[in-house]
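Below are the chains, spelled out letter by letter.
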Amino acid sequence: MTIKKPLHHYARMSHPATDHPVLLIDADAPLRDLHACLAERLNAVLKYLDLIACTSLRDYAEHDINTVTNIARIMVQDVSDVFRVIEQRGFDILEKQVHSK
């Protein structure tokens, strides 16, 4: 039997292409896992942009450059969304500490 977590434990990811988010972040996931997800995407997009920076632009059509830019934007948006969840958890911890004193 699969046990489903209530949706309030999930943070929405940004979806400029649709009005209804289809990807969610488990806001209660261990920080180590959230960080690993963030680091993997950030390292991938940095390597991707390094590769693109080393290519000659005259070899590509305008459509190709738009595609490359969109891929980088999506990856950086994912990083930003996961970072927002980590940041919010940090603020929640600080708020609990302040209120417990």
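All values reported here derive from a predicted model rather than from experimental measurement. (Residues numbered from 1 in each chain as written. Predicted model: local features only at pLDDT ≥ 70, side-chain atom pairs only at ≥ 80, totals over all residues. Heavy atoms only, no water.)

Some thoughts on helix α1 (residues 31–53)
We count it as follows: Starting at the N terminus, helices and strands are each numbered in turn, a helix being any DSSP run of H or I of at least four residues and a strand any DSSP run of E of at least two. Residue count minus one, scaled by 1.5 Å, sets the expected span of a helix. Only protein chains enter the area calculation, which uses a 1.4 Å probe; residues under 20% of their type maximum are buried, those over 50% are exposed, and those in between are partly exposed.
Compared with an ideal rise of 1.5 Å per residue, which puts 23 residues at 33 Å, α1 spans 32 Å between its outermost C-alpha atoms and is within 8% of the ideal. Residues of α1 that are buried: L34, L38 and V45.

Focus: the pattern of salt bridges
What counts here: The term salt bridge refers to a pairing of a side-chain nitrogen on Lys or Arg with a carboxyl oxygen on Asp or Glu at a separation within 4 Å.
Applying the stated criterion across every chain, the model contains 3 salt bridges. Salt-bridge contacts for R41 lead to D78; the nearest nitrogen and oxygen are separated by 3.5 Å. Of this pair, R41 sits in helix α1 while D78 sits in helix α2 (residues 62–100); the two residues are 37 residues apart in sequence, bridging distant segments of the chain. By relative accessible area, which is 25% here, R41 ends up partly exposed. Taking the shortest distance from any N to any O, the salt bridge between D81 and R84 comes out at 3.3 Å. Of this pair, D81 and R84 both sit in helix α2, 3 residues apart, roughly one helical turn.

Regarding the nonpolar core
The criterion, for reference: Here the nonpolar core consists of buried residues drawn from Ala, Val, Leu, Ile, Met, Phe, Trp, Tyr and Cys, with membership extended through side-chain atoms lying within 4.5 Å. We call two residues in contact whenever any of their non-hydrogen atoms come within 4.5 Å of each other.
By size, the foremost hydrophobic cluster in this structure holds 10 residues: A11, M13, I25, A27, A29, L34, L38, V79, V82 and V85. Only α1 and α2 provide two or more residues apiece to this core. Examining the composition of this core, we find that 3 residues originate from one element, α2, more than from any other. Ignoring sequence-local partners within four residues, the contact set of M13 consists of P21, L23, L24, I25, D78, D81 and R84.

With respect to the confidence of the model for the protein
Applicable threshold: The predictor attaches a confidence to each residue, called pLDDT, with possible values from 0 through 100.
Per-residue pLDDT for the protein has a mean of 84; in total, 89% of the residues score no lower than 70. Taken element by element, the predicted model of the protein shows its lowest mean pLDDT in strand β1 (residues 10–12) (86) and its highest in α1 (93).

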